[in-house]
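# Understanding the architecture of this molecule
The residues making up each chain are set out below.
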Amino acid sequence: MADLIDNVRSAVSDRAELPGMSLMEHLAELRKRLLHSVGYLAVGFCIAWIFRERLYGIVQAPLDKLGIPLNFTHPTDGLNLYIKTALYGGAILASPFILYQIWRFISPGMYANEKRYVLPFMFTTILLFLGGAWFGYHYVFPGALDILINGFAHRFHPILTIDDYTGFFLAIVLGLGVTFELPILMFFLALFGIVDAKFLLKHIRYAILVIFIVAGIICPMPDPLSMCIFAAPMLILYMLGVLAAFIVHPARRKARKAKAA
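What comes next is a walk through the structure.

What counts as what
Residues numbered from 1 in each chain as written. Predicted model: local features only at pLDDT ≥ 70, side-chain atom pairs only at ≥ 80, totals over all residues. Heavy atoms only, no water. Helix = DSSP H or I, 4+ residues; strand = E, 2+ residues; numbered from the N terminus. Buried < 20%, exposed > 50% of the residue type's maximum accessible area, 1.4 Å probe, protein only. Contact = heavy atoms within 4.5 Å. Areas by Shrake-Rupley, 256 points an atom, 1.4 Å probe, with all protein chains shown as cover. Axes fitted to C-alpha atoms, helices over the stretch in contact; angles between N-to-C directions. Parallel < 35°, antiparallel > 145°, perpendicular 65-115°, else oblique. Left-handed = near helix turned anticlockwise from the far one by under 90°. Phe/Tyr/Trp six-rings, centres within 6.5 Å; stacked < 30°, edge-to-face > 60°. Core = buried A, V, L, I, M, F, W, Y, C linked by side-chain atoms within 4.5 Å. Salt bridge = Lys/Arg side-chain N within 4 Å of Asp/Glu carboxyl O.

Let us now look at the overall build of the protein chain. Looking only at helices and strands, the protein chain has 11 helices and two strands in total. The order of α-helices and β-strands along the protein chain, N terminus first, is α-α-α-β-α-α-β-α-α-α-α-α-α. For the protein chain, with 261 residues in total, the buried portion stands at 35%. When contacts within the protein chain are restricted to residue pairs at least 6 apart in sequence, those whose partners lie at least 24 apart make up 82%. Carbon and sulfur atoms make up 72% of the accessible area of the protein chain, which totals about 15800 Å².

Structure follows, in structure tokens:
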């Protein structure tokens, strides 16, 4: 832990030499990026609203396979459902543009040679999120529904409300999409010199413990083999993050420059 704190301090001091911005300039830049992001989200929402029926058909498809209808408890539940569906769908559509705004906001704190990672950052972030959401939608969520409804609750009559079902769906699908962003987090921590591949490998036992805890929570089946199957993608992502940390860490970049000189 002491090494990690020292690395954070070193990363901050190393970047103190970069051209700075005043507090008001930072706030003005943040306001500008937020307004742009909200605008892109609004456009995405409008497009997704046009296809709201088809989008929700995708959301409800796993439940339709079980032949269970949804119920509502308030007259506005249907409207809220389509608004929520269009909002999340619009956020996914607008995500490349929003990610670019995030990059523009943090780029003043980066060196010129680090800014070339913008396109790989955007492409990989979107790809990993969609990969996690796809894994959750096709494997985790249907399996969880089948085990919970036809397994543990097979003696009872299911009455699922719109809010309960969509909340459960979003928690698993979006949660896994965010979880699959682990290599991106490790990439930035290494890029700023906070961690390196050696540190990540040294503490891999803790990472494995956390990964298996997460896998045990999201895995719908109770047997250890199924939990290992769910943990495997996250372990692979962690090792990809270690590889990214090895490539982009400042010490390795300086070594490559020295060798080239």
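This is not the end of the story, as more comes after the structure.
Our focus in this paragraph is the packing of helix 4 (residues 77–106) against helix 6 (residues 162–179). Look at helix 4 against helix 6: their axes get within 10 Å of each other, and the N-to-C directions meet at 15°. Considering the angle they form, helix 4 stands roughly parallel to helix 6. Handedness of the helix 4/helix 6 crossing: left-handed. Seen from helix 4, the contacting residues are Asp77, Gly78, Leu81, Lys84 and Tyr88; seen from helix 6, they are Ile162, Asp163, Thr166, Leu170 and Leu174.

A few words now on the packing of aromatic side chains. All chains considered together, the criterion is met by 12 aromatic pairs. With centroids separated by 6.5 Å and ring planes inclined at 80°, the aromatic side chains of Tyr56 and Tyr82 adopt a geometry described as edge-to-face. Note that Tyr56 is positioned in helix 3 (residues 52–64) and Tyr82 in helix 4, a separation of 26 residues in sequence. Accessibility expressed as a relative area gives 6% for Tyr56, which makes it buried.

Turning next to the nonpolar core. Phe121, Tyr165, Phe169, Phe187, Phe188, Leu200 and Tyr238 are the most contacted members of the largest nonpolar core, which has 52 residues in total. At the level of secondary structure, the elements contributing two or more residues to this core comprise helix 3, helix 4, helix 5 (118–152), helix 6, helix 7 (182–191), helix 8 (197–202), helix 9 (204–218) and helix 10 (224–248). Not counting residues within four places of it along the chain, the set of residues in contact with Phe169 comprises Val59, Tyr137, Phe141 and Leu174.

Here the focus is the environment of Leu30. Relative to the helices and strands, Leu30 resides in helix 2 (residues 23–50). Look at Leu30 and you get partly exposed, because its relative accessible area is 34%. Sequence separation between Leu30 and Arg104 is 74 residues, and the spatial gap between their C-alpha atoms is 9.7 Å.

Looking now at the pattern of salt bridges. The tally for this structure, following the rule as stated, stands at one salt bridge. With a shortest N-O distance of 2.8 Å, Arg33 and Glu29 are connected by a salt bridge. Here Arg33 and its partner Glu29 are both found in helix 2, four residues apart, which amounts to about one turn of the helix. For Arg33, a relative accessible area of 7% translates into the label buried.

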